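Chain residues, written in single-letter form:
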Protein chains: 2
Amino acid sequence: MPGLGPRSARRAVLHLIRKRALLLIPLADVMQTVAETARECLNCGNVGTTDICDICESEKRAIGVLCVVEDVADLWAMERSGVFKGRYHVLGGTLSALDAVGPEELRIPRLIDRVESENITEVILALNATVDGQTTAHYIADLLEGRAQLTTLAQGVPIGGELDYLDDGTIIAALNARKEL
Amino acid sequence: MPGLGPRSARRAVLHLIRKRALLLIPLADVMQTVAETARECLNCGNVGTTDICDICESEKRAIGVLCVVEDVADLWAMERSGVFKGRYHVLGGTLSALDAVGPEELRIPRLIDRVESENITEVILALNATVDGQTTAHYIADLLEGRAQLTTLAQGVPIGGELDYLDDGTIIAALNARKEL
């Protein structure tokens, strides 16, 4: 499991066994339930317990704006910030020639369908600012050109960021995109 | 010294003593020289060996654009990125009511003088994206309003940044400042 080495795993196991009734059995039950009920939203790829997830079904969400993210962890990060009121499309990864991940593996055809059928006016490409993320964003941008307004998250200095600790690329991006006060 | 605890300091001392001829004496000489020759540029506050630093004197630097930074480490960070072709103004810290740091302590009056006397058309406030840095930037922006174009580094996702590891404030800033592709 990510972030859990052999030593931590052994400690966790012992802790669970010691707290059998309080922790181990309830946790096993919950995992059983999750295994039975968790599924991917057929529309956007988010994780939920229904065929169509709560966000896709919510009437409070703006129709017409889609935020494309790499995976569900990124969707959760956007939701934590609470600022985005539209709906999502979860790709499930990034394009990768090395790992043989093509558009078909990534829910990209479904994205094209949605943009056409849901009257999407703006697609926000909120992919990670990594090489793979940006490659995938450019690929999608080429496909969607002319079908919706395409935007991308601003690049620059993160909140709390100190220049001395930033990489050169970020400083260059922040300086080139400097804004008037 | 920052980043050097008592234990590391003891190890460094022993290492220096053991390499007396190779390391200790040359290092002592260099430190002596630096102590005698290093000085702050009278114009911008950068560190150099002359009264006016190399950047201020360089003819290759654009006249008319000043980049305001907190300290010399930030100036070095900007220089490493190699993208800025104007000149600098080093404040020497941030305003702080708690530490009784006012504008007089920060080379702010000198900044106002320079904007007036050097025909500055743009002042880039490249202060850190911390609370103190932004407070100081707003104070300077108020003082300089109308005297030059004021810009600030873009805020957003740093290069290589993954949404899941970014704080909410950065995601909000990046989403609000999203750019068309």
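Draft legend 1. Just the overall build of chain A, in detail. Across its full length, chain A carries seven helices and seven strands. Each helix and strand of chain A, ordered N terminal to C terminal, gives the series α-α-β-β-α-β-α-β-α-β-α-β-α-β. The globule rule puts the C-alpha radius of gyration for 181 residues at 16 Å, and the 20 Å found for chain A is more than 25% above it. Its C-alpha atoms give chain A principal-axis dimensions of roughly 60 × 45 × 40 Å. Buried positions account for 40% of the 181 residues belonging to chain A. In chain A, 51% of the contacts between residues at least 6 apart in sequence involve partners at least 24 apart. On chain A, roughly 10,300 Å² of surface is accessible, and the fraction owed to carbon and sulfur atoms is 55%. For chain A, the separation between the mean place of its 18 positive charges and that of its 26 negative charges on side chains is 11 Å.

Draft legend 2. View of the relation of the copies chain B and chain A. Expressed as a screw operation, the relation of chain B to chain A combines 0.1 Å of axial shift with a rotation of 180 degrees, fitting to an RMSD of 0.2 Å. What the superposition gives is, in effect, a two-fold axis relating one chain to the other. The rotation axis passes nearest to the C-alpha of Gly156(B) in chain B, at a distance of 2.1 Å. Interface residue correspondence from chain B to chain A reaches 100%, placing this contact among same-surface, isologous pairings.

Draft legend 3. Just the domain arrangement of chain A, in detail. Domain boundaries in chain A define domain 1 (6–37) and domain 2 (62–152). Just the C-alpha atoms count here: the centres of domain 1 of chain A and domain 2 of chain A sit 35 Å apart.

Draft legend 4. Quick look at the interface of chain B and chain A. Across the contact, 48 residues belong to chain B and 48 residues belong to chain A. Both sides together, the interface formed by chain B and chain A hides about 4,500 Å², and carbon and sulfur atoms give 64% of it. Of all residues in chain B, Ile159(B), Leu163(B) and Leu181(B) give up the largest surface area on contact with chain A, accounting jointly for 14% of the area buried on that side. On the surface where chain B and chain A come into contact, there are four salt bridges. We note a salt bridge from Asp164(B) to Arg80(A), for which the minimum N-O separation is 3.6 Å. Taken together, chain B and chain A are joined by 20 residue pairs in polar contact (both at pLDDT 80 or more). Elements supplying a minimum of two residues to the side of chain B that touches chain A: helix 4 (72–81), strand 5 (122–125), strand 6 (149–152), helix 7 (168–176) and strand 7 (179–180) of chain B. With nine residues, the top contributor of residues to the side of chain B that touches chain A is helix 7 of chain B. Where strand 7 (residues 179–180) of chain A and strand 6 of chain B come together, two bridges link them in antiparallel fashion. Bridge assignment links Lys179(A) to a residue of strand 6 of chain B, and that residue is Thr152(B).

Rules behind the numbers
Residues numbered from 1 in each chain as written. Chains lettered and ligands numbered in written order. Predicted model: local features only at pLDDT ≥ 70, side-chain atom pairs only at ≥ 80, totals over all residues. Heavy atoms only, no water. Helix = DSSP H or I, 4+ residues; strand = E, 2+ residues; numbered from the N terminus. Rg over C-alpha atoms; globule rule 2.2 N^0.38 Å. Buried < 20%, exposed > 50% of the residue type's maximum accessible area, 1.4 Å probe, protein only. Contact = heavy atoms within 4.5 Å. Areas by Shrake-Rupley, 256 points an atom, 1.4 Å probe, with all protein chains shown as cover. Lys, Arg positive; Asp, Glu negative; His and termini not counted. Charge placed at Lys NZ, Arg CZ, Asp CG, Glu CD. Least-squares fit on C-alpha atoms with pLDDT ≥ 70 in both. Domains from an automatic or database assignment. Buried area = accessible area lost by both parts, 1.4 Å probe. Salt bridge = Lys/Arg side-chain N within 4 Å of Asp/Glu carboxyl O. Polar contact = N/O pair within 3.5 Å; in protein donor to acceptor, adjacent residues only side chain to side chain. Pairing = 2+ DSSP bridges.

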